Amino acid sequence: MSSQVVFGFHGTPPAPGIGAQPVAKTNIEDVQNSNRQSSGSRFIGLVAVFVVIGPPAGALAVTLLLAALSLGSGHAADGWADQGRFVVGAMLLGLVSGIPISYIVGAVPAALIGLATAAWDANKGRVPFYVPLGAALVLGVLAAGRLGRLVSSADGERAAQIAVLLAHLAAACLCWLVVRGVFSRPSTSNMTRSGRNNEQQ
């Protein structure tokens, strides 16, 4: 009777892990689903950083450029204190009026740069600085080309083109720094190398 209790009715021990296989399979599926959800949230978060932060960062860069050009042209008052107040006033006025316009004009380019950055992050891991800056440079050149000729243009057109390029590059640089700090992770090559080392051990 005791042997039946230990080995079952047929006198053979139960197969190991029979009850654990469905549980293990369920755990693996849960982990895979969780990884997919986290990857999707990460992708959306990366794009959102560029869409939310990019346009006002570009507006700030343009405002600083315009304030510097005004100081260089002699439109500001003499004296460091007066020039400082002029720069601060120009920045505040430019930001108040420029931020709403920046989202209207720059939301689509920011989203495109964010998509390129998120795609690189999803496929290759850590995003180098030249990915968003390269995308920003291409879009900035295209936008500047709509304002006039890139090679020969008037002084006003040239200043506008420089401002457009600066807005794209400055926004992309700031967003890349934010993404690097918030969504940092090791590159794919490092993860593969560490996995191989673990397998060898």
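Residues numbered from 1 in each chain as written. Predicted model: local features only at pLDDT ≥ 70, side-chain atom pairs only at ≥ 80, totals over all residues. Heavy atoms only, no water.

**Thoughts on the overall build of the protein chain**
Basically, it comes down to this: Secondary structure counts use DSSP, requiring at least four H or I residues in a row for a helix and at least two E residues in a row for a strand, with both numbered from the N terminus. Each residue's exposure class comes from its accessible area (1.4 Å probe, protein chains only) as a fraction of the maximum for that residue type: buried when under 20%, exposed when over 50%, partly exposed otherwise. Residue contacts are defined here by distance: any two heavy atoms, one from each residue, within 4.5 Å place the two residues in contact. Per-residue accessibility takes into account occlusion by the displayed protein chains alone, with areas from the Shrake-Rupley method and a 1.4 Å probe.
The helix and strand inventory of the protein chain stands at 6 helices and 0 strands. Counting only residues that meet the buried cut, the protein chain has 26% of its 201 residues in that class. Nonlocal contacts in the protein chain, meaning residues at least 24 apart in sequence, comprise 69% of its contacts between residues at least 6 apart. With the model as given, the accessible surface of the protein chain reaches about 13200 Å², and the carbon-plus-sulfur share is 67%.

**Section: the layout of surface pockets**
Rules: Two kinds of site are reported from a 1 Å grid over the protein atoms alone, namely cavities, where a 1.4 Å probe fits but cannot get out, and pockets, open sets with protein on both sides within 12 Å along at least five of seven lines, and residues are called lining when an atom falls within 4 Å of a point. Grid points are joined across faces, edges and corners, and a volume is the space filled by probe spheres set on the points. Under the convention adopted here, Pro, Cys and the residues Ala, Val, Leu, Ile, Met, Phe, Trp and Tyr are nonpolar, Asp, Glu, Lys and Arg are charged, and Gly plus all remaining residues are polar.
Put simply, the largest pocket is a space of about 790 Å³. Together, 34 residues line the largest pocket, and Val62, Ser102, Val105, Val164 and Ala167 are the ones closest to its centre. Of all the secondary-structure elements, those providing two or more residues to the lining of the largest pocket are helix 2 (20–73), helix 3 (80–124), helix 4 (130–147) and helix 5 (155–182). When grouped by side-chain class, the residues that make up the lining of the largest pocket number 24 nonpolar, 9 polar and 1 charged.

**What about helix 4?**
Threshold: Every helix has an expected span of 1.5 Å times one less than the residues it contains.
For helix 4, built from 18 residues, the straight-helix expectation of 26 Å at 1.5 Å per residue is met to within 8% by its first-to-last C-alpha distance of 25 Å. Those residues of helix 4 that fall on the buried side of the exposure criterion are Val131, Pro132, Ala136, Gly140, Ala143 and Ala144.

**With respect to the packing of aromatic side chains**
Where we set the bar: Working definition: rings of Phe, Tyr and Trp (its six-membered ring) pair if their centres are within 6.5 Å, and the pair is stacked with planes under 30 degrees apart, edge-to-face with planes over 60 apart, and tilted otherwise. Ring-over charges, as used throughout, are those where CZ of Arg or NZ of Lys falls within 6 Å of the ring centre and within 35 degrees of the ring normal.
For the coordinates displayed, the defined rule picks out 3 aromatic pairs. Seen in terms of ring centroids, tryptophan 120 and tyrosine 130 are 6.2 Å apart; in terms of plane orientation they differ by 85 degrees. Their pairing is edge-to-face. You can see tryptophan 120 sitting in helix 3 and its partner tyrosine 130 sitting in helix 4, a full 10 residues away along the chain. With relative accessibility at 25%, the residue tryptophan 120 sits in the partly exposed group. Considering the side-chain rings of phenylalanine 129 and tryptophan 176, the 6.3 Å spacing of their centres and the 70 degrees angle between planes classify their relative orientation as edge-to-face. Linking phenylalanine 129 in the loop between helix 3 and helix 4 with tryptophan 176 in helix 5, this pair joins segments that are 47 residues apart in sequence. Owing to a relative accessible area of 48%, phenylalanine 129 belongs among the partly exposed residues under this scheme. We note lysine 124 situated over the ring of tryptophan 120; from NZ or CZ to the ring centre the distance is 4.5 Å.

**So, the nonpolar core**
Selection rule: Residues belong to a common nonpolar core when they are buried Ala, Val, Leu, Ile, Met, Phe, Trp, Tyr or Cys residues joined through side-chain atoms within 4.5 Å.
Core analysis: the biggest nonpolar cluster contains 11 residues, these being Leu46, Val47, Val49, Phe50, Ile113, Ala118, Ala136, Ala172, Cys175, Val179 and Phe183. The greatest single-element share of this core, amounting to 4 residues, is contributed by helix 2. Non-local contacts of valine 47, meaning those with residues more than four positions away in its chain, are made with Ala111, Gly114, Leu115 and Ala118.

**Details of the confidence of the model for the protein chain**
Using the following cut-off: Within a predicted model, pLDDT stands for the predictor's per-residue confidence, ranging from 0 to 100.
With 60% of its residues at a pLDDT of 70 or more, the protein chain has an overall mean of 75. For the protein chain, per-element mean pLDDT is lowest for helix 1 (residues 2–7), which scores 47, and highest for helix 4, which scores 91. Confidence drops under a pLDDT of 50 for residues 1–9, and excluding neighbours within four residues, the segment shows 5 contacts in the predicted structure. Note that residues 187–192 has pLDDT below 50 and, in this model, 5 contacts with residues that lie over four places away or in other chains.

**A closer look at the environment of glycine 125**
Secondary-structure assignment places glycine 125 in the loop between helix 3 and helix 4. C-alpha of glycine 125 to C-alpha of serine 184: the two residues are 59 residues apart in sequence and 9.3 Å apart in space.

**Topic: a nonpolar patch on the surface**
Threshold: Only residues whose relative accessible area exceeds 30% and that form no salt bridge are eligible for patches; like-charged ones are grouped when within 9 Å, while nonpolar side chains (Val, Leu, Ile, Met, Phe, Trp, Tyr) are grouped when within 5 Å. What makes a salt bridge here is a side-chain nitrogen of Lys or Arg within 4 Å of a carboxyl oxygen of Asp or Glu, nothing more.
A cluster of nonpolar side chains, Phe43, Ile44, Val108, Leu112 and Leu115, forms an exposed patch at the surface whose accessible area comes to about 450 Å². For the nonpolar patch, the secondary-structure elements that each account for two or more residues are helix 2 and helix 3. Sort the elements by how many residues they give to the nonpolar patch and helix 3 lands first, with 3 residues. Mapping leucine 112 onto the fold places it in helix 3. On the basis of relative accessibility, which here comes to 43%, the residue leucine 112 falls in the partly exposed class.

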